[in-house]
Amino acid sequence: MLSPYVVELEVRQPYSIWVRFDDGTAGEVDLSDSAETGGIFSAWSDSGYWRSAHIVPDTGAVAWGNDSDVDVCPHSLYLDLTGKSFDELRTDASTLMAD
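The shown structure was predicted, so the numbers you read here are calculated from the model rather than taken from an experiment.

A.B. asks: When you look at the overall build of the protein in this model, what are you seeing that I'm missing?
C.D. replies: When helices and strands are counted, the protein shows four helices and six strands. Out of the 99 residues belonging to the protein, those deemed buried represent 33%. When contacts within the protein are restricted to residue pairs at least 6 apart in sequence, long-range pairs at least 24 apart make up 39% of them. Accessible area for the protein stands at about 5,800 Å²; split by element, carbon and sulfur atoms hold 49% of it.

A.B. asks: What am I meant to see in the side chain of Ser16 here?
C.D. replies: As for its position among the elements, Ser16 is in strand 2 (residues 16–21). By relative accessible area, Ser16 is classed as buried at 4%. A distance of 2.4 Å separates a polar atom in the side chain of Ser16 from a polar atom in the side chain of Glu28. When neighbours within four sequence positions are excluded, Ser16 is seen to be in contact with Val11, Glu28, Val29, Asp30 and Trp50.

A.B. asks: What is the right way to look at the pattern of salt bridges in this model?
C.D. replies: Two side chains carrying opposite charge are able to pair once their charged atoms lie near each other. Throughout the structure, instances matching the rule amount to three salt bridges. Among the salt bridges present, the one from Arg20 reaches Glu8, with a minimum N-O distance of 2.8 Å. Of this pair, Arg20 sits in strand 2 while Glu8 sits in strand 1 (residues 6–11), and the two are twelve residues apart along the sequence. Taking the relative accessible area as the measure of exposure, Arg20 reaches 32% and is therefore partly exposed. Here Glu8 falls in the partly exposed class, since its relative accessible area comes to 28%.

A.B. asks: So what exactly am I meant to see when it comes to the packing of aromatic side chains here?
C.D. replies: The description of an aromatic ring pair uses the distance of the two centres, along with the angle that the planes make with each other. For the structure on display, the rule yields six aromatic pairs. With a centroid separation of 5.2 Å and 80° between ring planes, the pair formed by Trp44 and Trp50 is classed as edge-to-face. You can call Trp44 buried: its relative accessible area is 1%. With a centroid separation of 5.3 Å and 25° between ring planes, the pair formed by Trp50 and Trp64 is classed as stacked. Note that Trp50 is positioned in helix 2 (residues 47–50) and Trp64 in strand 5 (residues 62–64), a separation of 14 residues in sequence. Overall, the relative accessible area of 3% leaves Trp50 in the buried class. Feature note: the residues Tyr15, Phe41, Trp44, Trp50 and Trp64 constitute an aromatic cluster, connected by ring pairs.

A.B. asks: Help me out: how do you make sense of the nonpolar core in this one?
C.D. replies: Counting 21 residues, the largest nonpolar core has Ile17, Val19, Leu31, Trp44, Val62, Trp64 and Leu77 as its most contacted members. Elements with a contribution of two residues or more to this core: strand 1, strand 2, helix 2, strand 5, strand 6 (70–72) and helix 3 (74–82). Apart from residues lying up to four places away in sequence, Ile17 is in contact with Leu9, Glu10, Val11, Arg12, Gly27, Glu28, Val29, Leu31, Trp50, Val62, Trp64 and Leu77.

A.B. asks: How do you make sense of the sheet that holds strand 6 when you look at a structure like this?
C.D. replies: Hydrogen bonding along the main chain pairs the strands of a sheet, whether they run parallel or antiparallel. Spatially, 4-5-6 is the arrangement adopted by the three strands of the open sheet, whose pairing is antiparallel. Both edges of this open sheet fall to strand 4 (54–55) and strand 6, since each of them pairs with a single strand only. Here strand 5 runs beside strand 6; their pairing, made up of three bridges, is antiparallel. Among the inter-strand pairings, Val62 is bridged to a residue of strand 6, identified as Val72.

Cut-offs and rules
Residues numbered from 1 in each chain as written. Predicted model: local features only at pLDDT ≥ 70, side-chain atom pairs only at ≥ 80, totals over all residues. Heavy atoms only, no water. Helix = DSSP H or I, 4+ residues; strand = E, 2+ residues; numbered from the N terminus. Buried < 20%, exposed > 50% of the residue type's maximum accessible area, 1.4 Å probe, protein only. Contact = heavy atoms within 4.5 Å. Areas by Shrake-Rupley, 256 points an atom, 1.4 Å probe, with all protein chains shown as cover. Polar contact = N/O pair within 3.5 Å; in protein donor to acceptor, adjacent residues only side chain to side chain. Salt bridge = Lys/Arg side-chain N within 4 Å of Asp/Glu carboxyl O. Phe/Tyr/Trp six-rings, centres within 6.5 Å; stacked < 30°, edge-to-face > 60°. Core = buried A, V, L, I, M, F, W, Y, C linked by side-chain atoms within 4.5 Å. Pairing = 2+ DSSP bridges.

The following block contains the structure:
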């Protein structure tokens, strides 16, 4: 499986989670911008639903709900946390695969 992959998760205050990735990168990610968009993310306003966050074993994504109704891909979380662009992430992955 290609990195980044979420391996540890802590649910924090509404719209904030702490994650650690398989490469050791860790930190808090603020998802309030997504929450403000509404739609499927409006479910996060229910504190019980927010606390249902979990890691999806097959993908390393963070999901909410019993059936993973709402999820955020690990690449998006990684980019938010590191400030890298998608192109930088892709270049990093290509370099790792070449080694």
